[in-house]
Amino acid sequence: MNLSLFIEKLQDLMMENNLNAPTLAKIIGCSRASIYKYLNGTKIPSLDMSIRMANYFQCTMENLLGIDVENHINEFLTCPPFKDRLPFLCKHFDISRYELCKRTNISESVAYYWSKGTTTPSLESVIKIAECLNCSIDFVIGRTKI
């Protein structure tokens, strides 16, 4: 993840929507300090906070993260729990959880906890999975059908 691209895009989205950090924090349900840390690059947003921001700005995750300059407008879905999404992805892409972990350098024990719903993946892990499967971040998390 290129943090500077995310920071630049977040600043642009805030400016386009006439938002300051305290207002955005209130809208997405986090602290002002967190927004300031995202903006100065000292903190990477969690997957949940990233989804909240993308939902508010009605943009794709790739657009929010500065990976894709175009915002391919889609009908965004409510993300299912990742414990349900992970087996779907493995089946859809015909890949075992073990092979997915091996290709992404994600610990098998971490993926095990995801599959049990004990933890959820980090934004960085979801990006790795999307790159490995050659699909969008939004598809990995279930925000889009394609």
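Now for a description of the structure that goes with this document. (Residues numbered from 1 in each chain as written. Predicted model: local features only at pLDDT ≥ 70, side-chain atom pairs only at ≥ 80, totals over all residues. Heavy atoms only, no water.)

## Some remarks on the packing of helix α2 (residues 21-28) against helix α3 (residues 32-40)
Here is step 1 of the chain: Two elements in contact, α2 and α3, have axes whose closest approach is 8 Å; the angle formed by their N-to-C orientations is 115 degrees. As for the relative orientation of α2 and α3, their crossing is right-handed in sense. Across the interface between the two elements, Ala21, Pro22, Leu24, Ala25 and Ile28 of α2 pack against Arg32, Ile35, Tyr36 and Leu39 of α3. (Axes fitted to C-alpha atoms, helices over the stretch in contact; angles between N-to-C directions. Helix = DSSP H or I, 4+ residues; strand = E, 2+ residues; numbered from the N terminus. Left-handed = near helix turned anticlockwise from the far one by under 90°. Contact = heavy atoms within 4.5 Å.)

## Things to note about the nonpolar core
Proteins that are soluble and globular tend to have nonpolar side chains buried together.
Here is step 1 of the chain: The biggest cluster of nonpolar side chains holds 44 residues, and the ones touching the most others in it are Leu10, Met14, Ile35, Met53 and Phe57.
Here is step 2 of the chain: Contact partners of Met53, with chain neighbours within four places excluded, come to Phe6, Leu10, Ile28, Tyr38, Pro45 and Leu64. (Core = buried A, V, L, I, M, F, W, Y, C linked by side-chain atoms within 4.5 Å. Buried < 20%, exposed > 50% of the residue type's maximum accessible area, 1.4 Å probe, protein only.)

## Considering the packing of aromatic side chains
Aromatic ring pairs: the centre-centre distance and the angle between the two ring planes describe each pair.
Here is step 1 of the chain: Applying the stated criterion to the full structure yields 5 aromatic pairs.
Here is step 2 of the chain: Between Phe88 and Phe139 the ring centres are 6.0 Å apart and the planes differ by 55 degrees, which places this aromatic pair in the tilted class. Taken together, the residues span a long stretch of sequence, with Phe88 in helix α6 (residues 82-92) and Phe139 in helix α10 (residues 137-141) at a distance of 51 residues.
Here is step 3 of the chain: By relative accessible area, which is 5% here, Phe139 ends up buried.
Here is step 4 of the chain: For the pair Phe93 and Phe139, a centre-to-centre distance of 6.0 Å together with 85 degrees between the ring planes defines the contact as edge-to-face. You can see Phe93 sitting in the loop between α6 and α7 (97-104) and its partner Phe139 sitting in helix α10, a full 46 residues away along the chain.
Here is step 5 of the chain: Residue Phe93 is classed as partly exposed on the basis of its relative accessible area of 27%.
Here is step 6 of the chain: What links up through ring pairs into an aromatic cluster is the set Phe88, Phe93 and Phe139.
Here is step 7 of the chain: The ring of Phe139 has Arg85 sitting right over it, with the charged end atom 4.8 Å from the ring centre.
Here is step 8 of the chain: Positioned over the ring face of Phe76 is Arg143, at 3.9 Å from the centre of the ring. (Phe/Tyr/Trp six-rings, centres within 6.5 Å; stacked < 30°, edge-to-face > 60°. Lys NZ or Arg CZ within 6 Å of the ring centre and 35° of its normal.)

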